[in-house]
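So the chains spell out like this:
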Amino acid sequence: MGTTQLETVPEPKYWHLKTVLSDALDSEFSVGEILPNERELAARFGVARATLRQALEQLELEGRLQRRRGVGTTVAPPRVGVAVDPARDTWPGAPGDAWQPVDAVETDAVPAAVAALLETAPGDRVHLVRRSRVTGGQPVAAELLYVLAAAVPGCSGVAPVSATAHARAVLHELQALELEGRDRTVELGSARAEDAKQLDRLPGAPVLVVTTRYVSEGRTTAVAVSTYRADTCRLTFGESDPVSLLAG
């Protein structure tokens, strides 16, 4: 089998530009400062705007830049450490949970990937709980929590006072179940329009998607899909786990 001589592969122009821009951010700009527009930057560095956009997108992915609606591209502050799981072996909504319930609905419309984890059949009902997380006054994550309606029967067929009350009732009912185990996956993704709005980002902005599966009575009872801002978050796992995950 032949080998690829990586050292002979030329560096992409946008990657070199990213390095030059990164140095400029360190020496010429301060946190929160708005960068010149694309036309000015492309002229300054003598590159096509398409090349510039690639470099800017990479710097956003690495957390050096932020694109803000109605503002433009700004220099990002250092990433904030966000504990994904400060309380071990607990359901969502347990004491110490940093997430806040937003609303909830009962539905049989579940994404295929979540339905596969829950092992639901067509027509099976779930409670979809929306939650948000704010750190330092800044929205850092949005979550969709899918809970089997059959696992929390006390929450079905009852008209809640409000959507938020519905969410709290589902979270409360989960606490009565025995949590037998859970597992988690993390992947890099792009913000959906709804998540982007909740996180004050542009659609397509880089995000970290954490999917957690909760097991009770021998089957998956709930699945949480948590979307974190990749430009501002450094995810840490467990109370004393020193391992952190950096986007980029």
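Above: the structure in question.
Residues numbered from 1 in each chain as written. Predicted model: local features only at pLDDT ≥ 70, side-chain atom pairs only at ≥ 80, totals over all residues. Heavy atoms only, no water.

Asker: Would you mind showing me how to read helix α1 (residues 13-28) here?
Answerer: Helical periodicity: at 3.6 residues per turn, an α-helix aligns residues three or four positions apart in one direction. Taking 1.5 Å per residue as the helical rise, α1 with its 16 residues ought to reach 22 Å, and the 22 Å between its terminal C-alpha atoms agrees with that figure. Burial in α1 covers these residues: Leu17, Lys18, Leu21, Ser22, Ala24 and Leu25. Relative to the axis of α1, the buried residues are bounded by an arc of 165° and lie together on one face. Set apart from the buried face of α1 by more than 90 degrees, the exposed residues are Asp26 and Ser27. In this structure, the buried residues of α1 make contact with α2 (38-45), α3 (49-61), β1 (65-68) and β2 (72-75). (Helix = DSSP H or I, 4+ residues; strand = E, 2+ residues; numbered from the N terminus. Expected span 1.5 Å × (residues − 1). Buried < 20%, exposed > 50% of the residue type's maximum accessible area, 1.4 Å probe, protein only. Arc of directions from axis to C-beta. Contact = heavy atoms within 4.5 Å.)

Asker: Is there a simple way to think about the nonpolar core in this case?
Answerer: Within the largest apolar cluster, 15 residues are counted, with the highest numbers of intra-cluster contacts made by Trp91, Val129, Leu145, Val147, Leu174 and Ala222. Every element with two or more residues in this core is listed here: β6 (138-148), α5 (163-174) and β9 (219-229). In terms of residue count, α5 provides more of this core than any other element does, 4 residues in total. Among all residues touching Val129, those that are not within four sequence positions of it are Asp103, Ala104, Glu143, Leu144, Leu145, Ala167 and Val170. Ranked by size, the runner-up nonpolar core spans 14 residues in total, among them Leu21, Leu25, Ala55 and Leu56. (Core = buried A, V, L, I, M, F, W, Y, C linked by side-chain atoms within 4.5 Å.)

Asker: I would appreciate a short explanation of the packing of aromatic side chains in the present structure.
Answerer: Geometrically, a pair of aromatic rings is defined through the distance of the ring centres and the angle of the planes. Throughout the structure, instances matching the rule amount to 3 aromatic pairs. With a centroid separation of 6.1 Å and 85° between ring planes, the pair formed by Tyr14 and Trp15 is classed as edge-to-face. The class for Tyr14 is partly exposed, based on a relative accessible area of 22%. A cation over an aromatic ring shows up here: Lys18 above the ring of Trp15, its NZ or CZ 4.0 Å from the ring centre. (Phe/Tyr/Trp six-rings, centres within 6.5 Å; stacked < 30°, edge-to-face > 60°. Lys NZ or Arg CZ within 6 Å of the ring centre and 35° of its normal.)

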